[in-house]
Amino acid sequence: MSTAAPAEWWRTAVIYQIYPRSFSDASGDGIGDLAGITSRLNDLAALGVDAIWLSPFYTSPQKDAGYDVADFTDVDPLFGTLADFDEMVARAHELGLRVIVDIVPNHSSDQHAWFKAALAAGEGSPERARYVFRDGRGEAGELPPNNWHSVFGGPAWTRSVNADGTPGQWFLHLFDSTQPDFDWTNPEVLEEFDRVLRFWLDRGADGFRVDVAHGLIKADGLPDFTFDDDANSMGGTEGPQSPYFGLEGVHDIWRRWRRVVDEYEGDRVLAAEAWVLPLSKMAKWVRSDEMHQAFNFAYLETDWKAADLRGVIDESLEEFGKVGAPSTWVLSNHDVVRHASRLALSAENPQGHGIGPKSLGLPDPVLGLRRGRAASALMLSLPGSAYVYQGEELGLPEAIDIPDEARQDPTWFRTEGERYGRDGCRVPLPWSADAPAYGFNTTGDTWLPQPAEWAGLARDVQLDDPSSTLNLYGRALRLRRELGLAEGEVEWIDGVPEGALAFRTGGIEVWAAVDPGVEVPLPDGEVLLASAPVTDTIPADTTVWLRR
Ligand code: NOJ
């Protein structure tokens, strides 16, 4: 019998991201909810994932789809109640699924009790000191305190109004004007978030996905800075040190949080949403006394090109490996164009800009799905932990033809329609081809319209089709577990045709024909998994797992 300690679950886990607004709607109001999630957990367990991560379901005016939190320790009635949360966690745990919740520490909603108190209390008050209020520039304070841009477009400052109706100080918001930034140098803020962490840990949460984990600390004096926000709105590009993203001071916060989660039994985790590059810098977020995982956005942003993929896989394993953390792999989430569309875009599309009817270089859906499936099969073979965003297991494309008047992302409003934003990856899921709202609920209402073609992608249709994307994911996840691929090591096979990739891992070989037009002779062996039909060749945009 082995005496080795059991491996920590998160090192190898497949974590399924639920976007609660769009997963399953038990109440029928058009917006998904916790009871809807609970009712579908069987399907996720059957798919073979290890954990779920839920985007925010807290009390919120929903100006940024719940990332504007008015009460960090309650459930918004839109999504249900704390009792619904408890029931969901209990059911997930019964099924062997861990539950990760989202925590949003950079900012609150402007409807948070603290922010309302800050406005009421006036300049220089302790209430204001929990946020970043400053006097304006210009003779009468009519100009923002510095030149920073909001990630969603427009200035990062909004002027408050005094109790007597006169214009007052400005407050900082790196995101929407309804999302004021906290001042993390204020001990009250630190203590409040310790409480929030403990609240959810006590209720059984297995960990946290930490929103904007590269934000929180701002450079002293808030110096002017022009970030290239056309390149990546969340801040992921390499370049000069930003005064608000990626500052050293954030690491003290994560060490403090690590001490809190370590007080609890059962391997609770912290996963960083830190849009910082290069990966050698991102790896600092997962040093042994900080977080456990960081989303590998370098991988997500890599083009579908063999050489680039090989480079980022090596760099990821090396840089995360150096600090003793697993690499993660992620292709889609609620902020980016779904990868079954993104990988076939033929024009630049910076993160967060989204695509819509007038975008340039719109994807060919057939090519997109083919590449999407090949990319997923490649990702799920890699060692470490993988994130799957709801709907990617159905091969869902980005919804492009959302009417202007239906769009909801603050990016769309703050850029006056110049950027479509992220609604296209947030459309409610299709469960059954013939039901109202494709089975998302029973009333047919949906907060964003579902494309008509999604009937053909509904889960019930795919379950019956052996070649469906859903069955590809199911098979990949089963094999990944059986073969122990998550604990494998990537050993490159040299001499493969240019534009293709091949490596050994976990006793199998993974072959991918990636670059346009590249075809690879199918090596001898048993095909365990193929993202598209293979003959004696592996055609372009196809990944195959082989036992030789
Ligand atoms: C990152 C989240 O993923 C995104 O959806 C949100 O808009 C921003 N952080 C602000 O909280």
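Everything discussed here concerns the structure shown above.
Residues numbered from 1 in each chain as written. Predicted model: local features only at pLDDT ≥ 70, side-chain atom pairs only at ≥ 80, totals over all residues. Heavy atoms only, no water.

Enquirer: Would you mind going over a negative patch on the surface with me for this structure?
Expert: Side chains of D434, D460, D464 and D465 sit close together on the surface and give a patch of like negative charge. Note on placement: D434 falls in the loop between α11 (410-414) and α12 (459-463). (Patch = residues over 30% accessible without salt bridge, like charges linked within 9 Å, V, L, I, M, F, W, Y side chains within 5 Å. Areas by Shrake-Rupley, 256 points an atom, 1.4 Å probe, with all protein chains shown as cover. Salt bridge = Lys/Arg side-chain N within 4 Å of Asp/Glu carboxyl O. Lys, Arg positive; Asp, Glu negative; His and termini not counted. Charge placed at Lys NZ, Arg CZ, Asp CG, Glu CD. Helix = DSSP H or I, 4+ residues; strand = E, 2+ residues; numbered from the N terminus.)

Enquirer: I tried to follow the environment of H149 on my own but got confused; where do I start?
Expert: For H149, the position within the fold is in the loop between β6 (133-134) and β7 (157-161). Taking the C-alpha atoms as reference points, H149 and L172, separated by 23 residues in sequence, lie 10.0 Å from one another.

Enquirer: Help me understand the pattern of salt bridges in this model?
Expert: Inspection of every chain in the model, using the stated rule, returns 34 salt bridges. Linking R287 and E290 is a salt bridge whose minimum nitrogen-to-oxygen distance equals 2.7 Å. Take E290: its relative accessible area is 0%, and that puts it in the buried class. (Buried < 20%, exposed > 50% of the residue type's maximum accessible area, 1.4 Å probe, protein only.)

Enquirer: Quick question: what am I supposed to make of the sheet that holds strand β16 (residues 508-513) here?
Expert: In sheet architecture, strand pairing relies on hydrogen bonds along the backbone and comes in two forms, parallel and antiparallel. Ordered by their spatial adjacency, five strands build an open sheet running β14-β15-β16-β20-β18, and the pairing between neighbours is antiparallel. Every interior strand has two partners, whereas the edge strands, β14 (491-492) and β18 (526-530), have only one. Strands β15 (500-505), β16, β18 and β20 (542-547) of the sheet are contacted by helix α10 (residues 365-379), whose axis makes an angle of about 35° with β20. Strands in contact with helix α13 (residues 469-483) are β16, β18 and β20; relative to β18, the strand with the most contacts, it is inclined by about 125°. (Pairing = 2+ DSSP bridges. Contact = heavy atoms within 4.5 Å. Axes fitted to C-alpha atoms, helices over the stretch in contact; angles between N-to-C directions.)

Enquirer: It is not clear to me how the site of the ligand should be interpreted in this structure. Could you clarify?
Expert: The immediate surroundings of the ligand are formed by 14 residues, with D64, D211, H334, D335 and R422 found nearest. Contact between the ligand and D64: an oxygen atom at 2.6 Å from a side-chain N or O atom of the residue. Protein chains shield 100% of the accessible area of the ligand, which is 290 Å² for the free molecule. Among the residues making up the shell around the ligand, the classes are represented as five nonpolar, two polar and seven charged. (Near = heavy atom within 4 Å. Polar contact = N/O pair within 3.5 Å; in protein donor to acceptor, adjacent residues only side chain to side chain. Nonpolar A, V, L, I, M, F, W, Y, C, P; charged D, E, K, R; others polar.)

Enquirer: Please clarify how the environment of S432 should be interpreted in this entry.
Expert: Relative to the helices and strands, S432 resides in the loop between α11 and α12. Linking S432 and L279, residues 153 residues apart in sequence, is a C-alpha distance of 40 Å. Beyond its immediate sequence surroundings of up to four residues, S432 is in contact with Y438, G439, A458 and D460.

Enquirer: Hey, could you run me through the sheet that holds strand β12 (residues 328-330) in this one?
Expert: Read across the open sheet, the eight strands follow the order β11-β10-β9-β5-β2-β1-β13-β12; overall the sheet is parallel. Looking along the sheet, the strands with just one partner apiece sit at the ends: β11 (293-294) and β12. Sheet topology note: the strand β5 (residues 98-103)/strand β9 (residues 207-210) ladder contains four bridges and is parallel. Paired with D102 across the bridge in β9 is R209.

Enquirer: Before we go on, may I ask you to explain the pairing of strand β2 (residues 51-54) in this structure?
Expert: Burial along β2 is two-sided: the residues A51 and W53 and I52 and L54 are all buried. Looking at chain direction, strand β1 (residues 14-18) and β2 are connected through four bridges and run parallel. Paired with I15 across the bridge in β2 is A51. In this view, the connection linking β1 to its parallel neighbour β2 by way of helix α1 (residues 34-47) has right-handed handedness. Sheet topology note: the β2/β5 ladder contains four bridges and is parallel. Each residue of the ladder has a partner; that of W53, found in β5, is I100. (Right-handed = clockwise from strand over helix to strand, strands pointing away.)

Enquirer: What should I look at first to understand the packing of aromatic side chains in this one?
Expert: For any pair of aromatic rings, the description rests on two quantities: the centre-to-centre distance and the angle between the ring planes. This structure, assessed with the given rule, holds 33 aromatic pairs. Measuring from centroid to centroid gives 4.6 Å for F57 and Y58, while their planes differ by 50°, and the two rings are tilted. Accessibility classification places F57 together with Y58 in one group, the buried group. On the numbers, 5.4 Å between centres and 65° between planes, the contact of F152 with F175 is edge-to-face. Taken together, the positions of F152 in the loop between β6 and β7 and F175 in the loop between β8 (167-172) and α4 (187-202) put the pair 23 residues apart, joining distant regions of the chain. Of the two residues examined, F152 and F175, each falls in the buried class. Through successive ring pairs, a cluster of aromatic residues spans F72, W114, F115, Y131, F133, F171, F182, W184, F193, W254 and W257. Looking at R128, its charged tip hangs above the ring of F133, at a distance of 4.4 Å from the centre. (Phe/Tyr/Trp six-rings, centres within 6.5 Å; stacked < 30°, edge-to-face > 60°. Lys NZ or Arg CZ within 6 Å of the ring centre and 35° of its normal.)

Enquirer: Would you take a moment to explain the packing of α1 against helix α2 (residues 82-94) for this structure?
Expert: When two helices pack together, you describe them by how their axes are tilted relative to each other and by the distance separating the axes. Direction vectors running N to C along α1 and α2 enclose 10°, while the axes themselves pass 9 Å from each other. The pairing of α1 with α2 is recorded here as roughly parallel in orientation. Across the interface between the two elements, L34, I37, T38, L41 and N42 from α1 touch D84, F85, E87, M88, R91 and A92 from α2. A per-class count over the contact of α1 with α2 returns six nonpolar, two polar and three charged. (Parallel < 35°, antiparallel > 145°, perpendicular 65-115°, else oblique.)

Enquirer: Would you take a moment to explain the pairing of β9 for this structure?
Expert: Remember that side chains alternate between the two faces of the sheet whenever the strand is regular. Residue alternation in β9 divides its side chains into two sets, G207 and R209 and F208 and V210, and both sets are buried. As paired strands, β9 and strand β10 (residues 269-272) are joined by four bridges and run parallel to one another. What sits directly across from V210, in β10, is A272.

Enquirer: When you look at α4 in this model, what are you seeing that I'm missing?
Expert: The α-helix winds at 3.6 residues per turn, so residues separated by three or four positions along the chain end up facing the same way. Between its first and last C-alpha, α4 extends 22 Å over 16 residues, near the 22 Å set by a 1.5 Å rise per residue. Every buried residue belonging to α4 is among V189, L190, E192, F193, D194, V196, L197, W200 and L201, and all of these are buried. N-cap assignment for α4: the residue whose side-chain oxygen lies 2.9 Å from the backbone N of E188 is N186. After α4 finishes, the residue G204 shows a positive phi value of roughly 105°. (Expected span 1.5 Å × (residues − 1).)

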